[in-house]
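Each chain, written out:
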Amino acid sequence: MLLNLAARRRLLLLGGKGGVGKTTLAGAVSLAQARQGRRTLVVSTDPAHSLGHLFDVPLGDRPAALAPGLDGLEIDPDATVARHLEDAGTMLRSMMPAHLAGAVDAHLELARSSPGTHEAAVLDRLAAVVTGALEGGHGTPAYDLVVVDTAPSGHTARLLSLPESMTLWMDALLQRRDRSERFGELVSALGPSAAASGRAARDAQIREVITRRRDRLSGLHRILTDPRSCSFAIVLNAERLAVLETGELHAQLSAEGVDVGALVVNRRSPADQGPQLAARREREEVHLAALRTALPQVPLLEVPHLERDVLGTEGLEALAAHGL
Ligand SMILES: Nc1ncnc2c1ncn2[C@@H]1O[C@H](COP(=O)(O)OP(=O)(O)OP(=O)(O)O)[C@@H](O)[C@H]1O
Ligand SMILES: [Mg+2]
């Protein structure tokens, strides 16, 4: 069912609470799709390198081979934020008089620790990676499918709504720059000076940076909200709180126009391995029933709790063999 969903999409996101099995399932689906002949890229934003550990391959910010037809990439949030702030610093310093350089640095230092900066930087990088992987450079996309293992935070839905709000903000910024550019032109028409033309060049540069970022974000937003291209799988364990949170996440995603194509209830206890696990399974049934009632329209997949941790391509294939 999850494999079926992935097979019919170009972008699949997996999200849910911490430790429920997002990375494991992202790995299993990606591997299975690559085995089917679809060139696949699996992307993680988890700074703990769990995707790399899963395949026992060191991963970084550029795609690296995990298996035939399957590449992996880990977005490093801290490095991304550092790069982002460097760009912003260059831009701000060129806009401000030299004696304010200290104030610019202080401002950037503050921004470094703000969660908004972190999210925006990771989102910008994710947008570049996803759109780059799916659109390709010269007509041929680099990958048929991109699977995103989203960060284990409650912010997933907000993250997905960011492209839209940030695009609006950037449009406003661009309009303001347009006006000042026109003013600059007027001034240079009155009497062209080296200072004015320097300013115009700088303005054009800033405009280009903002435009590129805005285009990347709106590209990501377009794909995310196209249910024929993209779907979101919510991963959870059969617990009361998880069921409530899944309802909320589903509502947020739907409100943003993101298709939720699967509920994956991972780590289901077995019925035939002792009374304790059987009793646990019965308790899980209650929560599962609540989930079905709350979201009857979303296909639901149950994945058994395997005896051992899922590791390496063999482990992932063993998991997939239970039917994903
Ligand atoms: N069906 C399963 N059976 C047995 N073990 C599992 C199963 N699914 C996941 N695990 C194990 O549970 C642990 C957590 O899984 P995983 O790292 O995929 O979760 P996650 O949601 O990505 O966590 P985080 O939120 O920290 O990123 C791992 O050790 C993994 O091997
Ligand atoms: Mg993970």
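It should be emphasised that the depicted structure is a prediction, and the values quoted were computed from it without experimental measurement.

Colleague: Break down the environment of valine 209 for me, citing the residues and quoting the values.
Modeller: Residue position: valine 209 is located in helix H8 (residues 194-224). With 121 residues separating them in the primary sequence, valine 209 and alanine 88 have C-alpha atoms 9.7 Å apart.

Colleague: Just give me the short version of helix H10 (residues 275-294), but keep the residues and values in it.
Modeller: Because each turn of an α-helix spans 3.6 residues, side chains separated by three or four positions end up pointing in the same direction. Look at H10: 29 Å from first C-alpha to last across 20 residues, which is about the 28 Å you get at 1.5 Å a residue. Taken residue by residue, H10 has Glu284, Leu288 and Leu291 as its buried positions. Looking down the long axis of H10, one finds its buried residues gathered within 50° of arc, a one-sided arrangement. Opposite the packed face of H10, turned more than 90 degrees from it, sit the exposed residues Pro275, Glu282, Arg283, Val286 and Thr293. On the buried face of H10, the contacting elements are strand S6 (230-236), helix H9 (240-255), strand S7 (260-268) and strand S8 (300-304).

Colleague: For a nonpolar patch on the surface, give the residues involved together with the corresponding values.
Modeller: Taken together, the side chains of Met95, Met96 and Leu100 define a hydrophobic patch exposed on the protein surface, amounting to about 240 Å² of accessible area. Within the secondary structure layout, leucine 100 lies in the loop between helix H4 (77-95) and helix H5 (101-112). According to the relative accessible area criterion, leucine 100 is partly exposed, its value standing at 32%.

Colleague: Tell me what's going on with the site of ligand 1, and back it up with residues and numbers.
Modeller: Surrounding ligand 1, one finds 18 residues, the nearest of these being Gly19, Lys22, Thr23, Thr24 and Arg267. Glycine 21 is positioned with one of its backbone polar atoms (N or O) 2.9 Å from an oxygen atom of ligand 1. The separation between an oxygen atom of ligand 1 and a polar side-chain atom of lysine 22 is 2.7 Å. Burial of ligand 1 by the surrounding chains reaches 82%, relative to a free accessible area of 630 Å².

Colleague: Describe the sheet that holds strand S4 (residues 70-74), and please don't skip the residues or the numbers.
Modeller: Strand order in the open sheet formed by eight strands is S3-S4-S2-S5-S1-S6-S7-S8, with mixed pairing between adjacent strands. Unpaired on one side and paired on the other, strand S3 (64-67) and S8 mark the two borders of the sheet. The average angle at which neighbouring strand axes cross in this sheet is 25°, direction not considered. Where strand S1 (residues 11-15) lies against S6, five bridges are found, and the strand directions are parallel. Of the residues in S6, the one forming a bridge with leucine 12 is serine 231. Running at roughly 170° to S7, H10 makes contact with S6, S7 and S8 of the sheet.

Calculation notes
- Residues numbered from 1 in each chain as written.
- Chains lettered and ligands numbered in written order.
- Predicted model: local features only at pLDDT ≥ 70, side-chain atom pairs only at ≥ 80, totals over all residues.
- Heavy atoms only, no water.
- Helix = DSSP H or I, 4+ residues; strand = E, 2+ residues; numbered from the N terminus.
- Expected span 1.5 Å × (residues − 1).
- Buried < 20%, exposed > 50% of the residue type's maximum accessible area, 1.4 Å probe, protein only.
- Arc of directions from axis to C-beta.
- Contact = heavy atoms within 4.5 Å.
- Patch = residues over 30% accessible without salt bridge, like charges linked within 9 Å, V, L, I, M, F, W, Y side chains within 5 Å.
- Areas by Shrake-Rupley, 256 points an atom, 1.4 Å probe, with all protein chains shown as cover.
- Salt bridge = Lys/Arg side-chain N within 4 Å of Asp/Glu carboxyl O.
- Near = heavy atom within 4 Å.
- Polar contact = N/O pair within 3.5 Å; in protein donor to acceptor, adjacent residues only side chain to side chain.
- Pairing = 2+ DSSP bridges.
- Axes fitted to C-alpha atoms, helices over the stretch in contact; angles between N-to-C directions.

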